[in-house]
Amino acid sequence: MTFNTNGSFGHLPVDKITVGRILVPFILLVIWEGIALLFPHALVGPDEAFGIIHTRFLVDGDWVPDLVDTMHAVVVASTLAISSGIVIGILLGLYDMLHDTLEIFVLSIYSIPKVVLFPVFLLLFGITFEGKVAFSMFYGVFPMIIITMGAVRNVDDIYIKMSRSMGLSIWQTFRYLLSPLIIVQLVIGIRLAFNLTFLGVIIAELFAARSGLGLRLQQGMANFEIGTTVAIVTVILIISTIINIFMYLLQRVLEERWNIEIGSGVSL
Amino acid sequence: MARKTSDRAIQLSIVVLVVLFLEIGTRVQLIDQTILVPPSEMAIVLLQNMIEGIFVEHLWPTLYSIFVAFLLAVLVGIPGGVLLWRQDYLHRVLEPYLIAIYAIPIFALYPVLIAMFGPGRIPIILIGFLTSVTVIVVNTSNSFNNISATIMNLSRTLRLSRIQAFRHLYFPAAIPHLFTGFKLGFVYSMLAVLASEFILSQTGIGYLISRNYNTYNMYDMYAYILFVVIMAVAFNLFLLSMEGRLQRHTRE
């Protein structure tokens, strides 16, 4: 563990920034409580929301199968979206011919509000797990492609030429040449793709599902049960924050190992 | 990078081929007509609806919601982003949380907003604003962070005050990247507005698509989907070309 000399509290190994980061959720909780007090008929406060979460998950266990269903779909869909996104992104990044013709399609489809295409998926798949996964994969794959493509194209030409003169196959080029150079961008892309896939699953469940957090959310919204709605949004927030923090720590480990600064500097 | 005519030709032929495939496929029953409708029918129904009035009635609220939400997001987002850029401490504290924002289904707060502000367009505009502003704030702060050190040093060499430096050096240098943020902010605003209309609204194009799906009016539904797709792609291509022009302009 490194001891920072700037902003550290005397002999404590924690610096100002870490303290700040830990404080953020608490500050948000306070703001939330404040708004709930201002609008008592519109919003429930953290205490009631957590009470509902406690009841539904720990006491009744009502929502546990929904959570499992949702996360199952998220894991499957994001694995598919990330892996296919990376593969397609690398192909588009390496081969100019493919890039020049297809980039515009990728960007255009990315700009379409995918929610309006959801009925098409519904017609194709019906209310099934496969449909959920297909739609959210569609949601998450495009940013992955775009970021991977950008990362590969940022690699100096000289490396690409090197790989060609050495006669490397695509797999070898990726494994030995590209990965260290693009891994950093890829991690950002993976985080983003995961988040969007998660959102995609929730949206899919919101509109048409037999189970899942999104379905619970939809029930809450339809019956104007503000407590339920807020509780589900909180659950989603907690899960995604935990996974994101985990991935962020992974990102920092990689940054330190390769001495590169990434932060969140991606525009997508 | 110059766009070769041969690229354009290939892209155009891809589009034509896909449309032809869908058209012939649906007519020949290769693609089930309960799933997809021939593109030509989509276009015809769309034109009919445009002339017959109900479409325009719903188009207007959707469009102005998107634009108002986007403009508000820009007005709030750019100063916010500049603040994030200047306050390094704030930036580093919030850094791990920034990407996580994309996972939040902001439109889930729709009922809450309705309870606060009543039904109507305000909650929808707010949702569009919230979705769009986060993107613009993050992007603005990145734009300024990406200004080359050369320019930063120039301000010191010329002994410019902070306001002068910002106005004459930093802001112009950041414009191309800022524009990317505008493009994204607009797309996200459009996404959020249409999604909200889809879920729980009585007006707007999103609502029309949802209603037609629920009443099995496939032709009308696809007509509106087609419209949204064309509108989104057209806007995106337009903004992309402007972005390209801006970036070529400021090539160092």
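Located above this text is the structure these notes cover.
Definitions and cut-offs
- Residues numbered from 1 in each chain as written.
- Chains lettered and ligands numbered in written order.
- Predicted model: local features only at pLDDT ≥ 70, side-chain atom pairs only at ≥ 80, totals over all residues.
- Heavy atoms only, no water.
- Helix = DSSP H or I, 4+ residues; strand = E, 2+ residues; numbered from the N terminus.
- Areas by Shrake-Rupley, 256 points an atom, 1.4 Å probe, with all protein chains shown as cover.
- Buried < 20%, exposed > 50% of the residue type's maximum accessible area, 1.4 Å probe, protein only.
- Contact = heavy atoms within 4.5 Å.
- Lys, Arg positive; Asp, Glu negative; His and termini not counted.
- Charge placed at Lys NZ, Arg CZ, Asp CG, Glu CD.
- Polar contact = N/O pair within 3.5 Å; in protein donor to acceptor, adjacent residues only side chain to side chain.
- Salt bridge = Lys/Arg side-chain N within 4 Å of Asp/Glu carboxyl O.
- Buried area = accessible area lost by both parts, 1.4 Å probe.
- Nonpolar A, V, L, I, M, F, W, Y, C, P; charged D, E, K, R; others polar.
- Phe/Tyr/Trp six-rings, centres within 6.5 Å; stacked < 30°, edge-to-face > 60°.
- Axes fitted to C-alpha atoms, helices over the stretch in contact; angles between N-to-C directions.
- Parallel < 35°, antiparallel > 145°, perpendicular 65-115°, else oblique.
- Left-handed = near helix turned anticlockwise from the far one by under 90°.

On to the overall build of chain B. Within chain B, the regular secondary structure consists of 10 helices and zero strands. When the helices and strands of chain B are listed from N to C terminus, the series reads α-α-α-α-α-α-α-α-α-α. Each principal axis of the C-alpha atoms in chain B carries an extent, and together these give about 70 × 55 × 35 Å. Put simply, chain B shows about 12,500 Å² of open surface, and 68% of that area lies on carbon and sulfur atoms.

Further remarks concern the overall build of chain A. Across its full length, chain A holds 10 helices and zero strands. Dimensions of chain A along its principal axes, counting C-alpha atoms only, are 65 × 65 × 30 Å. Residue burial in chain A is summarised as follows: out of 268 residues, 50% are buried. If you take every contact in chain A between residues at least 6 apart in sequence, the share linking residues at least 24 apart comes to 69%. Accessible area of chain A: about 12,600 Å², with a carbon and sulfur share of 68%. If you average the places of the 14 positive and of the 19 negative side-chain charges in chain A, the two averages end up 7 Å apart.

Residues and elements named next belong to chain A. Tracing the sequence through the fold places Asp66 in helix α3 (residues 64–94). Overall, the relative accessible area of 5% leaves Asp66 in the buried class. One polar contact links the side chain of Asp66 to the main-chain amide nitrogen of Gly212, over a distance of 2.8 Å. Residues within four places of Asp66 in sequence aside, it is in contact with Ser211, Gly212, Leu213 and Arg216.

A few words on the environment of Tyr89 of chain B. As for its position among the elements, Tyr89 of chain B is in helix α4 (residues 88–98). If near-sequence neighbours (up to four positions away) are discounted, Tyr89 of chain B is found in contact with Lys16, Ile17 and Gly20 of chain A.

Our focus in this paragraph is the pattern of salt bridges. In total, this model carries six salt bridges over all chains according to the counting rule given. One salt bridge connects Glu205 of chain A with Lys132 of chain A, and the closest N-O pair in it is separated by 3.0 Å. Linking Glu205 of chain A in helix α8 (residues 170–207) with Lys132 of chain A in helix α6 (residues 129–154), this pair joins segments that are 73 residues apart in sequence. Just as Glu205 of chain A is buried, Lys132 of chain A falls in that class too. Residue Arg27 of chain B pairs with Glu41 of chain B through a salt bridge whose shortest N-O separation is 3.3 Å. Here Arg27 of chain B, found in helix α1 (residues 5–27), pairs with Glu41 of chain B, found in helix α2 (residues 39–52); they are 14 residues apart in sequence, far enough to count as distant. Residue class for Glu41 of chain B comes out partly exposed when judged on its relative accessible area of 23%. If you follow the salt bridges from partner to partner, you end up with Glu23, Arg27 and Glu41 of chain B in one network.

Below, the discussion takes up the side chain of Arg121 of chain B. Residues and elements named next belong to chain B. Looking at the element boundaries, Arg121 is found in helix α6 (residues 121–145). There is a polar contact of 2.4 Å between the side chain of Arg121 and the side chain of Glu197. Excluding residues within four positions of it along the chain, Arg121 makes contact with Pro61, Thr62, Tyr64, Ser65, Val193, Glu197, Ser201, Thr203 and Gly204.

Residue and element names in this part refer to chain A. Position of Leu28 relative to the elements: it lies in helix α1 (residues 16–38). Accessibility expressed as a relative area gives 51% for Leu28, which makes it exposed. Counting along the chain gives 227 residues from Leu28 to Glu255, while the straight-line C-alpha distance between them is 28 Å.

What follows concerns the interface of chain A and chain B. Taken together, the contact pairs 65 residues of chain A with 62 residues of chain B. Regarding the contact of chain A and chain B, the summed buried area is about 5,800 Å², with carbon and sulfur atoms giving 75% of it. Joining chain A to chain B, the criterion identifies six residue pairs in polar contact (both at pLDDT 80 or more). Elements represented by at least two residues in the side of chain A that touches chain B include exactly α1, α4 (96–111), α5 (118–125), α6, α8, α9 (213–222) and α10 (226–258) of chain A. For the side of chain A that touches chain B, the residue count by class is 43 nonpolar, 14 polar and eight charged.

Considering the arrangement of structural elements, one finds Ile114 of chain B in helix α5 (residues 110–117). Note on Ile114 of chain B: relative accessible area 16%, which makes it buried. Setting aside residues no more than four positions away along its own chain, Ile114 of chain B makes contact with Phe224 of chain A together with Pro119 and Pro123 of chain B.

So, about the packing of aromatic side chains. Under the defined criterion, the tally for this structure stands at 23 aromatic pairs over all chains. Consider the rings of Phe194 of chain A and Phe198 of chain A, whose centres lie 6.0 Å apart with planes at 65°: the pair is edge-to-face. One end of the pair, Phe194 of chain A, and the other, Phe198 of chain A, are both in helix α8, four residues apart, so they sit about a helical turn from each other. Judged by relative accessible area, Phe198 of chain A falls into the buried class, the value being 0%. Here Phe70 of chain B and Phe186 of chain B contribute two aromatic rings whose centre-to-centre distance is 5.4 Å and whose plane-to-plane angle is 85°, an arrangement assigned as edge-to-face. Of the two residues, Phe70 of chain B is situated in helix α3 (residues 54–86) and Phe186 of chain B in helix α8 (residues 162–200); the sequence distance between them amounts to 116 residues. Classification of Phe186 of chain B as buried rests on a relative accessible area of 5%.

Residue and element names in this part refer to chain A. Packing of α8 against α9 brings their axes to within 7 Å, and their N-to-C directions diverge by 50°. Taken together, α8 and α9 sit at an angle that is classed as oblique. In this structure, the crossing between α8 and α9 has a hand that is right-handed. Of the residues in α9, those touching α8 at Ile202, Glu205 and Leu206 are Leu213, Gly214, Leu215, Leu217, Gln218 and Met221. Across the contact of α8 with α9, the residue classes break down as six nonpolar, two polar and one charged.

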